[in-house]
Amino acid sequence: MPCILKRCPRKSIVVVSHTSKIVAQKGVRQTSGVSSAERGTNTTVVFAMSAAGSFVPPMFIFARQRMHETLKKAAPTGAIFDCAPKGWSNAKCFEKWFDHFLKFTRHTEEEPILLILDGHSSHTRNFCVLEKATENHVRILSISPHTSHKLQPLDVAFMAPLKANYSTAVGHFLRRQPGSVVGIHDVAGLVNEAFSATASVMTAANGFRACGIHPFNPNIFSNEDFAAADFLAEFNDHELDKLLMSLQIRLRTLMPSTNRIIIRKLRWKLSSIIIMVLQLR
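Being a predicted model, the structure only gives us computed values, none of them experimental.

Participant: Just checking my understanding: could you explain the pattern of salt bridges for this structure?
Facilitator: Enumeration according to the criterion identifies 6 salt bridges in this entry. Aspartate 82 is the partner of lysine 92 in a salt bridge, and the nearest nitrogen-oxygen pair spans 3.0 Å. Of this pair, lysine 92 sits in helix H1 (residues 91-103) while aspartate 82 sits in strand E5 (residues 80-84), and the two are 10 residues apart along the sequence. We classify aspartate 82 as buried; its relative accessible area is 11%. Residues aspartate 225 and lysine 150 are paired through a salt bridge, measuring 3.1 Å at the closest nitrogen-oxygen approach.

Participant: Looking at this structure, how should I read the confidence of the model for the protein chain?
Facilitator: Residues shown with low pLDDT carry predicted positions that ought not to be read at fine detail. The share of residues in the protein chain with pLDDT of 70 or more is 67%, and the mean pLDDT across the chain is 80. Confidence drops under pLDDT 50 across residues 277-281; counting only partners more than four residues distant or on other chains, this segment forms 1 contact.

Participant: What am I meant to see in the environment of phenylalanine 127 here?
Facilitator: Examined against the element boundaries, phenylalanine 127 turns out to sit in helix H3 (residues 127-135). Through-space distance from the C-alpha of phenylalanine 127 to that of glutamate 95 is 9.6 Å; in sequence the pair is 32 residues apart.

Participant: I'm lost on unusual backbone geometry in this one. Help?
Facilitator: Most peptide bonds adopt trans geometry, and most residues besides glycine take a negative phi value. Backbone torsion omega between histidine 214 and proline 215 reads -5°, so that peptide bond is classified as cis. Although it is not a glycine, histidine 137 sits at a positive phi angle of roughly 60°. Inspection of the secondary structure puts histidine 137 in the loop between H3 and strand E7 (138-142).

Participant: Explain the packing of H1 against H3 to me, please; I cannot follow it from the model alone.
Facilitator: Relative orientation and spacing of two packed helices are given, respectively, by the angle between their axes and the distance between those axes. Taken N-terminus to C-terminus, the directions of H1 and H3 make an angle of 15°; their axes are 9 Å apart at the nearest point. The angle between the axes of H1 and H3 places the two elements in the roughly parallel class. As H1 packs across H3, the resulting crossing turns out to be left-handed. Residues Phe94, Glu95, Phe98 and Asp99 of H1 touch H3, and the partners they reach there are Cys128, Val129, Lys132 and Ala133.

Participant: Please explain the packing of aromatic side chains as it appears in this structure.
Facilitator: Any pair of aromatic rings gets described here by the distance separating the centres and the angle formed by the planes. Applying the stated criterion across every chain, the model contains 12 aromatic pairs. With a centroid separation of 5.9 Å and 85° between ring planes, the pair formed by phenylalanine 55 and phenylalanine 195 is classed as edge-to-face. Taken together, the residues phenylalanine 55 in strand E4 (residues 55-63) and phenylalanine 195 in helix H6 (residues 187-198) connect sequence positions 140 residues apart. Phenylalanine 195 gets classed as buried once you look at its relative accessible area, which sits at 11%. Ring plane angle 15° and centroid distance 5.4 Å describe the contact between phenylalanine 60 and phenylalanine 81, whose orientation is recorded as stacked. Within this pair, whereas phenylalanine 60 is found in strand E4, its partner phenylalanine 81 is found in strand E5, the two being separated by 21 residues in sequence. Put simply, the rings of Phe47, Phe55, Phe158 and Phe195 touch in pairs and so form one group of aromatic residues.

Participant: Would you mind going over the pairing of strand E3 (residues 42-50) with me for this structure?
Facilitator: Working note: regular strand, side chains alternate between the two faces of the sheet. The buried count for E3 comes to 9 of 9 residues, which makes it a mostly enclosed element. The two faces of E3 match: Asn42, Thr44, Val46, Ala48 and Ser50 on one face and Thr43, Val45, Phe47 and Met49 on the other face are all buried. Where E3 meets E4, 6 bridges bridge the pair, whose relative direction is antiparallel. For valine 45, the partnering residue across the bridge sits in E4 and is phenylalanine 60.

Participant: What should I look at first to understand the environment of serine 142 in this one?
Facilitator: As for its position among the elements, serine 142 is in strand E7. According to the relative accessible area criterion, serine 142 is partly exposed, its value standing at 34%. Along the backbone, serine 142 and isoleucine 116 are 26 residues apart, and their C-alpha atoms lie at a distance of 5.9 Å. Once you skip the residues sitting within four places of it in the chain, serine 142 turns out to touch Leu117, Asp118, Gly119 and Thr124. Among the polar contacts listed, one links the side chain of serine 142 to the backbone oxygen of aspartate 118, at a separation of 3.4 Å.

Participant: Explain the nonpolar core here, please?
Facilitator: As a rule of thumb, nonpolar side chains are buried together in soluble globular proteins. Grouped together as the largest cluster of nonpolar side chains are 30 residues, with contacts concentrated most on Phe47, Phe60, Phe62, Phe158, Tyr166, Leu190 and Val191. Those elements that place two or more of their residues in this core are E3, E4, helix H5 (153-176), H6 and helix H7 (201-210). For this core, the element with the most residues is H5, which contributes 9 residues. Aside from chain neighbours lying at most four places away, what touches leucine 190 is Tyr166, Ala169, Val170, Phe173 and Val182. If you look at the next biggest cluster of nonpolar residues, it comprises 19 residues, including Val56, Ile61, Trp97 and Leu102.

Conventions and cut-offs
Residues numbered from 1 in each chain as written. Predicted model: local features only at pLDDT ≥ 70, side-chain atom pairs only at ≥ 80, totals over all residues. Heavy atoms only, no water. Salt bridge = Lys/Arg side-chain N within 4 Å of Asp/Glu carboxyl O. Helix = DSSP H or I, 4+ residues; strand = E, 2+ residues; numbered from the N terminus. Buried < 20%, exposed > 50% of the residue type's maximum accessible area, 1.4 Å probe, protein only. pLDDT = per-residue confidence, 0-100. Contact = heavy atoms within 4.5 Å. Axes fitted to C-alpha atoms, helices over the stretch in contact; angles between N-to-C directions. Parallel < 35°, antiparallel > 145°, perpendicular 65-115°, else oblique. Left-handed = near helix turned anticlockwise from the far one by under 90°. Phe/Tyr/Trp six-rings, centres within 6.5 Å; stacked < 30°, edge-to-face > 60°. Pairing = 2+ DSSP bridges. Polar contact = N/O pair within 3.5 Å; in protein donor to acceptor, adjacent residues only side chain to side chain. Core = buried A, V, L, I, M, F, W, Y, C linked by side-chain atoms within 4.5 Å.

Here is the structure:
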């Protein structure tokens, strides 16, 4: 049965991005760059792309109680908007996005759509969306936890250049308007600039190919890709919880301001390092 492959992850964008790289003469120890003075707020942007190279207009979720028209300034054509208390996606936001997704896809009984999602509760426990998916010939597949860096085409091929292009867009914005700061009302326009520079047929095709999804390649991953999971599988639940808790305490001691997302990434990277050390012994 033929199907159209679609990928949908959420990308959290902080209003104030890190400054891009600066070119300076060799030997110069100090260089300066323009940066916004604000700490920034969190905004979630939902993207989706197909193996054929098409992109669904993104959805913006702002950390606000009410939507305002100024937040839509210079946004990508066809984009939709919503608000959530902390700027994170929830079941209501995902249902709104799914209705938006159906408008930009051609789904029939003969050619259903395969929508690949992560295991977030707003996806897997959203019965309204699951019912709509069944009625509209959309097959939803949820990937396992901690596998998006290998199985999520947007994470593999799209998000890194998007983040780089967003940082570049922020830098251009600050240089065009000296003394100004990047605010929440500028996010849509900056994302539009980054999105236009990143979204391409080649990027989408490379993402699905690198994940072994399309063309289907079950041998795309080597034994080394499973090393971290195999190492952690040697511990029982109690030992694993004790190990991760000890690691989290140590990380918070060294970097008290580090957020939970970074700590989670560091834990998995550290497990890979431990495996490499054990293999060299």
